[in-house]
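Each chain is listed here by its residues.
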Amino acid sequence: MKRRANLFSNILGVNVKDYVLRWVVVMLFALAMPAAVNGQPWQGRVTLTGTVTNAAGEGLLAVVTATYVETKTGKAVRGSNGGEFNVRGIRAGTWELTINAPNYGVEKKVLEVYERSCDRAPAPCNEKIEVVVTSFADLLGQASTDSAARRYSAARESYQKVLLGLPPNHPSYVQLQQAVAMTYSAEGKNAEALDAFDSLLAIWDGGTPPPSPDTPTKIRVEAMISAGKAREYSRMHGYSEALGNRLSAEAVRAIVDLAVNTLLDRGQRNRAVRLLGVAIAGSPNSPLPYYYRGQARWDAEVEKEREDEDWSGAKADFTKFVALETRDTPQRRLAQDLLTKLQGVS
């Protein structure tokens, strides 16, 4: 849990404010350009008005993107420095508003839009929209608190609000994606975690450099674990076999844990043997992968008919394990006992 807490809390550097402000100011002018085209299905005569403020009640410059839910099309407008905005020329129906202010988390609102505002007609009508946005710093602080308390869904919501407010080339974008993936993984939502991990890996495969050279390997290890737990075995092997030919002790431990406590517990011996082979190839001097692969091979032979037995694989693994493990451990004693039983057996 400590490793996750460190990951979740160590996001966004001190230069975020200047970086994001420059980016959003540029984007505000671009997005504020007229988006309407004659004949668009979302066009109409309705005007929505509203304000964007922070928790202190200060008006904020923001881009408001209005999307007509039925067609997924719409327009974006720039608000004023005091926080007021007007979305003109839209039709009645269901709309989603996305509010993006510099250095604040992105807020989304889905609302039903009517033909008239409430100052001109009785309900149902369009009331003035008031949006309060939360700063990046406050969102990340809350996410860290929620993660430490294992409120992963709440933490993820905060991370995603920050993530939506950053350009993909921001230095912290990948870290936030990673944090989102880890909240899914911590909740046991393995399918969602895999999608998030794949999004991360696609960013790096597309040419964006990772935060550190070993980050993709760490993400593949986490993805491998989630895939194994989700019984997505083909994906599990895909992640594991892309780890490379030099594995850290941490990666080896993760592979052994997945093989022993998930795959072997489910009777997936062949998959465990294949996975442990990745650990052996990437760290040939680590003892435990040999022991557990030998144990899996031993158990597989015990279940066979006697004429089909082939103990050579188990013997080779136990022999290598005993040579590497110099301590007097229970596993070493058991391996020696099994090797004694296999003397004279081919």
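Data block above holds the structure.
A few points on the structure. Being a predicted model, the structure only gives us computed values, none of them experimental.

A few words now on the overall build of the chain. What the chain contains, in helices and strands, is 13 helices and seven strands. In the chain, which comprises 346 residues, the share counted as buried stands at 45%. A sequence separation of at least 24 residues applies to 60% of the contacts in the chain between residues at least 6 apart. Per element, the accessible surface of the chain, about 18,100 Å² overall, is 48% carbon and sulfur.

Let's shift gears to the pairing of strand 7 (residues 129-132). Taking every second residue as pointing to the same face, the buried face of strand 7 carries Ile129 and Val131, while none of Glu130 and Val132 on the other face is buried. In terms of strand pairing, strand 1 (residues 43-53) meets strand 7 through four bridges, oriented parallel. When the sheet's bridge partners are listed, Gly50 is paired in strand 7 with Ile129.

Mapped onto the elements, Pro124 comes out in the loop between strand 6 (107-113) and strand 7. Classification of Pro124 by relative accessible area gives exposed; the value is 56%. As for Pro124 and Glu112, which are separated by twelve residues in sequence, their C-alpha atoms are 9.5 Å apart.

The next subject is the sheet that holds strand 1. A sheet is described by the order of its strands in space; here three strands give the open sequence 4-1-7, paired in mixed fashion. Strands with a single pairing partner mark the edges of an open sheet, and in this sheet they are strand 4 (84-90) and strand 7. Adjacent strand axes in the sheet meet at a mean angle of 25°, parallel and antiparallel pairs treated alike. Taken together, the six bridges between strand 1 and strand 4 define a ladder with antiparallel strand orientation.

The next subject is the state of the cysteines. Counted under the stated rule, the structure contains one disulfide. Bridging Cys118 to Cys125, the disulfide has an S-S length of 1.9 Å. Taking the sign of the torsion about the S-S bond as the criterion, the disulfide between Cys118 and Cys125, at about 95°, is right-handed. What makes Cys125 buried here is its relative accessible area of 12%.

Counting across every chain of the model gives six aromatic pairs. Taken together, a centroid distance of 5.2 Å and an interplanar angle of 40° make the contact between Tyr68 and Trp95 tilted. Taken as a pair, Tyr68 in strand 2 (residues 63-68) and Trp95 in strand 5 (residues 93-100) lie far apart in primary sequence, 27 residues in all. The class for Trp95 is buried, based on a relative accessible area of 0%. Ring plane angle 55° and centroid distance 6.1 Å describe the contact between Tyr291 and Phe318, whose orientation is recorded as tilted. Pair noted here: Tyr291 is in helix 11 (residues 287-302) and Phe318 is in helix 12 (residues 312-324), with a separation of 27 residues, a long-range link. Joined through ring pairs, the aromatic side chains of Tyr291, Tyr292, Phe318 and Phe321 make up one cluster.

The next thing to look at is the nonpolar core. Ranked by internal contacts, the top residues of the largest apolar core, which has 64 residues, are Tyr159, Met224, Met236, Ile255, Leu275 and Phe318. No other element matches helix 9 (residues 249-263), which puts nine residues into this core. Not counting the four nearest positions on each side in its chain, Met236 is found in contact with Met224, Ala227, Gly228, Leu258, Leu263 and Leu275. Grouped together as the second largest cluster of nonpolar side chains are 22 residues, Trp95, Leu97, Tyr104 and Ile129 included.

This part is about the pairing of strand 6. Of the strand pairs in this sheet, strand 5 and strand 6 are connected by seven bridges, and their pairing is antiparallel. In the sheet register, Leu97 faces strand 6, and the bridge partner there is Lys109.

On to the packing of helix 7 (residues 215-229) against helix 8 (residues 233-240), then. For the pair helix 7 and helix 8, the least separation of the axes is 8 Å and the interaxial angle reads 160°. The pairing of helix 7 with helix 8 is recorded here as roughly antiparallel in orientation. In this structure, the crossing between helix 7 and helix 8 has a hand that is left-handed. On helix 8, the residues touching Arg220, Ala223, Met224, Ala227 and Gly228 of helix 7 are Tyr233, Arg235, Met236, Tyr239 and Ser240. Across the contact of helix 7 with helix 8, the residue classes tally to six nonpolar, two polar and two charged.

About the criteria used
Residues numbered from 1 in each chain as written. Predicted model: local features only at pLDDT ≥ 70, side-chain atom pairs only at ≥ 80, totals over all residues. Heavy atoms only, no water. Helix = DSSP H or I, 4+ residues; strand = E, 2+ residues; numbered from the N terminus. Buried < 20%, exposed > 50% of the residue type's maximum accessible area, 1.4 Å probe, protein only. Contact = heavy atoms within 4.5 Å. Areas by Shrake-Rupley, 256 points an atom, 1.4 Å probe, with all protein chains shown as cover. Pairing = 2+ DSSP bridges. Axes fitted to C-alpha atoms, helices over the stretch in contact; angles between N-to-C directions. Disulfide = S-S within 2.5 Å. Phe/Tyr/Trp six-rings, centres within 6.5 Å; stacked < 30°, edge-to-face > 60°. Core = buried A, V, L, I, M, F, W, Y, C linked by side-chain atoms within 4.5 Å. Parallel < 35°, antiparallel > 145°, perpendicular 65-115°, else oblique. Left-handed = near helix turned anticlockwise from the far one by under 90°. Nonpolar A, V, L, I, M, F, W, Y, C, P; charged D, E, K, R; others polar.

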